[in-house]
Amino acid sequence: MKPDSSFLTSTIKLFYYYKLLGDKTIAELNEEQLQYQPNEESNSVAIIVQHISGNAISRFTDFLTTDGEKPNRNRDAEFESEHLVLNTETRRRYSKAELISYWETGWACVFNAIEPLTEDDLNKIIFIRNEGHTVTEALQRQLAHYAYHIGQIIYIGKMLLNENWKSLSIPRNKSADFNKERFEKDKERKHFTDKL
């Protein structure tokens, strides 16, 4: 079966959408909140940023030609709260600006790899930890992985900011108002070119 030509467009748009949710949450948090860990087994937003970025750099660098688990990746360090993998020597916590810079570096790897893809690439086999995946499977795997962790970032943000949280979707107790406004409009087809 030939892949749907809209798959790449919709997948790229979803990667941008989940990045935007992360961007907006990170923007609302101060440096102390970014480092907040409820317990040793839980991750802070900073740790999740480290992990998503480290994963993205590993998976999407030379996406079609090398294994997605690069030999220079230190996954375990991504989950350490004492330091970022950006600088394992200093063992200092990075500033919010440095965290955002690392976040952007990871996402740049994602988009630099996936935006040039064509429909012909979707059935190519790539490897992650020596396990073969079609490009379609690998993209779905990564999209689900990032959405999972960005959901964690949002949850932490909502927990920390409480009543100061700026909703990223329909605000609580506003569903009826939102639906009323939507159903008063003519039916429309949402296009992939629509802004997020």
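Please refer to the structure placed before this passage.
Residues numbered from 1 in each chain as written. Predicted model: local features only at pLDDT ≥ 70, side-chain atom pairs only at ≥ 80, totals over all residues. Heavy atoms only, no water.

Chemist: Looking at this structure, I do not really get the packing of helix 3 (residues 45-60) against helix 5 (residues 96-114). What am I missing?
Modeler: A pair of packed helices is characterised by two quantities: the angle between their axes and the separation of those axes. As a packed pair, helix 3 and helix 5 sit with axes 8 Å apart at the nearest point and diverge in direction by 30 degrees. As the angle between them shows, helix 3 and helix 5 are arranged roughly parallel. Read as a crossing pair, helix 3 and helix 5 show a hand that is left-handed. From helix 3, Ala46, Val49, Gln50, Ile52, Ser53, Gly54, Ala56, Ile57 and Phe60 reach across to helix 5, where they touch Leu99, Tyr102, Trp103, Thr105, Gly106, Trp107, Cys109, Val110, Ala113 and Ile114. When its residues are assigned to classes, the contact of helix 3 with helix 5 shows 14 nonpolar, five polar and no charged. (Axes fitted to C-alpha atoms, helices over the stretch in contact; angles between N-to-C directions. Helix = DSSP H or I, 4+ residues; strand = E, 2+ residues; numbered from the N terminus. Parallel < 35°, antiparallel > 145°, perpendicular 65-115°, else oblique. Left-handed = near helix turned anticlockwise from the far one by under 90°. Contact = heavy atoms within 4.5 Å. Nonpolar A, V, L, I, M, F, W, Y, C, P; charged D, E, K, R; others polar.)

Chemist: Explanation requested: unusual backbone geometry in the structure shown.
Modeler: A negative phi angle is the norm for most residues apart from glycine, just as the trans form is the norm for most peptide bonds. Look at asparagine 162: it is not a glycine, yet its phi comes out positive at around 50 degrees. With respect to the helices, strands and loops of the structure, asparagine 162 is situated in the loop between helix 6 (135-161) and helix 7 (175-183). Classification of asparagine 162 by relative accessible area gives exposed; the value is 54%. We note that asparagine 173 has phi near 65 degrees; this positive angle belongs to a residue other than glycine. Residue placement: asparagine 173 occurs in the loop between helix 6 and helix 7. (Buried < 20%, exposed > 50% of the residue type's maximum accessible area, 1.4 Å probe, protein only.)

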